[in-house]
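Structural features, examined
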Amino acid sequence: MKQRLLTPGPTPVPEETLLELAKPMIFHRTAEFRAMLGEVLADLQQIFVTKNPVIPLTSSGSGALEAALANSVPAGGKVICLIAGRFGERWKNIAKAFGIEAVVVTVPYGQAVQPSQLEAALAEHSDAIAVCSTLSETSTGVGHDVAVFGKIVAKTAAILIVDAVSGLGAMECRTDEWNIDINCTGSQKALMMPPGLAFLSVSDKAWQTIEKNPNPRTFYFDLKKAKKNLETNDTPYTPAHTLIRAMRVSTKKILAEGMEAIWARQSKYAAAARAGLQALGLELFAAQPNTALTVVKMPANIDSTVLLTKLEKQFGLKLANGQDTLKGKIIRLAHMGYIDQFDILAAISGVEIALAEMGHPVELGKGLTAAQRVFAAR
Ligand SMILES: *Cc1c(COP(=O)(O)O)cnc(C)c1O
């Protein structure tokens, strides 16, 4: 059976990128590899929309989050964590692991943290060293207004650290213009790559904060050391260099389309996915949805675990369940990276059939038509 991977990470990888991964091993301390790394990082600056250096790490996306916090905030320092789901909670958990005091601004799952809440937290905690947010909260499908967060944080001494792991490349994100001081992402979401690489951009303001930190409590993720090495396009330790070689193919593919075009296409994909699933009577879970993935609630009598198992076993369609308390209650359809309109239509079609088989009243073709109408509109 043909498999379609529509989970919010990992996501499908283009064939030409996969073929790069089949090539023989190379040595990494060479002029060829340095040139390759330099090229990929320059491409990433365009994808991040930043003039700041982009630092590569050999880890999944969470490694970039850990590096961002550990390097910039000392033990006992204070951060404000904006929490709208599991990934917002990760900020708090990383802070805890490093003895950093986390002031939390929490909204119920499905809601987005509002700029006024951030303003109030900063007013109350003017000693906060950083504000940590998610761009796309992948656990709920919420998108945060990071452009506005950036304006607010820029007026203070704090730095803005953003988890853009599923958002970057799947929704508008202008790192410099939006005043994002440290922007973190991973390879396996919207960047058309397998897992294994993480990247973060660091602003001048953030470098000053990092310089001031007397005790970064990290060895492997030392950003100052990474920055120094990047002067010659080197990394402190052996990078996942075959992934970087493959990444060059994916970043070229992304830049051939262009960021503005990708953001516009992502908006269309999200509009089609929402229209299709809503036409089936399914309600959006996110009050402020992003364009990387669409999350819908299940009707009262439908367990999403059963629905998702049917989709996978019968049709090879792999969508994601809710995590933790949301398990069984929602489905998450990713439309980021190397996923196209026909993958989305296939998913909606599968959901229609599966719901009908589960005895839920659906008119076959209704969701599909609604989604097709969005794609047909110019
Ligand atoms: C996937 C993801 C992460 C990182 O998870 P890893 O498994 O460490 O790659 C972090 N934040 C968000 C919003 C994500 O979607």
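Every value quoted in this text rests on a predicted model; they were computed, and no experiment measured them.

1. Some details on the packing of aromatic side chains
For any pair of aromatic rings, the description consists of the separation of the ring centres together with the inter-plane angle of the planes. For the structure shown, the criterion picks out four aromatic pairs. Summarising the aromatic geometry, the rings of Phe219 and Tyr237 are spaced 5.7 Å apart at their centres and angled 35° between planes, so their arrangement reads as tilted. Note that Phe219 is positioned in the loop between α7 (204-212) and α8 (223-230) and Tyr237 in the loop between α8 and α9 (241-257), a separation of 18 residues in sequence. On the basis of an interplanar angle of 85° and a centroid distance of 6.0 Å, the ring pair of Tyr269 and Phe375 is categorised as edge-to-face. Residue Tyr269 is found in helix α10 (residues 259-279), and its partner Phe375 is found in helix α13 (residues 366-376); the two are separated by 106 residues along the sequence. Aromatic rings pair up to connect Phe219, Tyr220, Phe221 and Tyr237 into one cluster. We note Lys225 situated over the ring of Phe219; from NZ or CZ to the ring centre the distance is 4.1 Å. Positioned over the ring face of Trp207 is Lys227, at 4.4 Å from the centre of the ring.

2. As for the environment of Ser60
Examined against the element boundaries, Ser60 turns out to sit in the loop between β2 (54-58) and α3 (61-72). Ser60 gets classed as partly exposed once you look at its relative accessible area, which sits at 37%.

3. A word on the pairing of strand β10 (residues 197-202)
Where burial is concerned, most of β10 is hidden: six out of the six residues are buried. Residues of β10 alternate between two faces, with Leu197, Phe199 and Ser201 on one and Ala198, Leu200 and Val202 on the opposite face, all of them buried. Relative to β10, β2 is paired through five bridges, and the arrangement is antiparallel. Its bridge partner being in β10, Pro56 is matched across the sheet by Phe199.

4. Let's talk about the sheet that holds strand β14 (residues 330-334)
An order of β11-β14-β13 is seen for the three strands of this open sheet, with the pairing classed as antiparallel. This sheet does not close on itself; its edge strands, each paired only once, are β11 (293-297) and β13 (320-321). For β13 and β14, the ladder comprises two bridges, and the chain directions are antiparallel. By the bridge assignment, Ala320 is partnered in β14 with Arg332. Its contacts with the sheet put α10 on β11 and β14, and the angle it makes with β11 is roughly 15°.

5. Examining the pattern of salt bridges
All told, the structure shown has 17 salt bridges when counted by the stated rule. The partner of Asp324 in a salt bridge is Arg86, with the nearest N and O atoms 2.9 Å apart. Here Arg86 lies in helix α4 (residues 86-97) and Asp324 lies in the loop between β13 and β14, a separation of 238 residues in the sequence. For Asp324, a relative accessible area of 53% puts it in the exposed group. In this structure, Lys310 engages Glu357 in a salt bridge whose closest nitrogen and oxygen atoms are separated by 2.8 Å. Taken together, the positions of Lys310 in helix α11 (residues 304-315) and Glu357 in helix α12 (residues 341-357) put the pair 47 residues apart, joining distant regions of the chain.

6. So, helix α2 (residues 31-48)
In this model α2 runs 25 Å from its N-terminal to its C-terminal C-alpha over 18 residues, within 8% of the 26 Å that 1.5 Å per residue would give. Within α2 the residues assigned to the buried category are Phe33, Met36, Leu37, Gly38, Val40, Leu41, Asp43, Leu44, Ile47 and Phe48. Tucked inside the fold, the buried residues of α2 contact β2, β9 (182-186), β10, α8, α9 and α10.

7. Brief notes about the site of the ligand
Inspection of the region around the ligand gives Ser60, Gly61, Ser62, Phe87, Arg90, Ser136, Thr138, Asp163, Val165, Ser166, Gln188 and Lys189 as its neighbouring residues. Side-chain polar atom of Thr138 to an oxygen atom of the ligand: 2.5 Å apart, as the coordinates give it. Of all the elements in the fold, those that place two or more residues in the shell around the ligand are α3 and α4. Grouping the amino acids of the shell around the ligand by side-chain chemistry returns two nonpolar, seven polar and three charged.

8. What to know about α9
Spanning 17 residues, α9 covers 25 Å between terminal C-alpha atoms, matching the ideal 24 Å at 1.5 Å per step. The largest bend in α9 is about 25°, located at Met247. Among the residues of α9, those classed as buried are His241, Thr242, Leu243, Ile244, Arg245, Ala246, Met247, Ser250, Thr251 and Ile254. Buried residues along α9 sit against α1 (15-20), α2, β10 and α10. Immediately downstream of α9, the backbone of Gly258 shows phi near 95°, a positive value.

So, how was this worked out
Residues numbered from 1 in each chain as written. Predicted model: local features only at pLDDT ≥ 70, side-chain atom pairs only at ≥ 80, totals over all residues. Heavy atoms only, no water. Phe/Tyr/Trp six-rings, centres within 6.5 Å; stacked < 30°, edge-to-face > 60°. Helix = DSSP H or I, 4+ residues; strand = E, 2+ residues; numbered from the N terminus. Lys NZ or Arg CZ within 6 Å of the ring centre and 35° of its normal. Buried < 20%, exposed > 50% of the residue type's maximum accessible area, 1.4 Å probe, protein only. Pairing = 2+ DSSP bridges. Contact = heavy atoms within 4.5 Å. Axes fitted to C-alpha atoms, helices over the stretch in contact; angles between N-to-C directions. Salt bridge = Lys/Arg side-chain N within 4 Å of Asp/Glu carboxyl O. Expected span 1.5 Å × (residues − 1). Near = heavy atom within 4 Å. Polar contact = N/O pair within 3.5 Å; in protein donor to acceptor, adjacent residues only side chain to side chain. Nonpolar A, V, L, I, M, F, W, Y, C, P; charged D, E, K, R; others polar. Bend = angle between axes of the 7 residues up to and from the residue.

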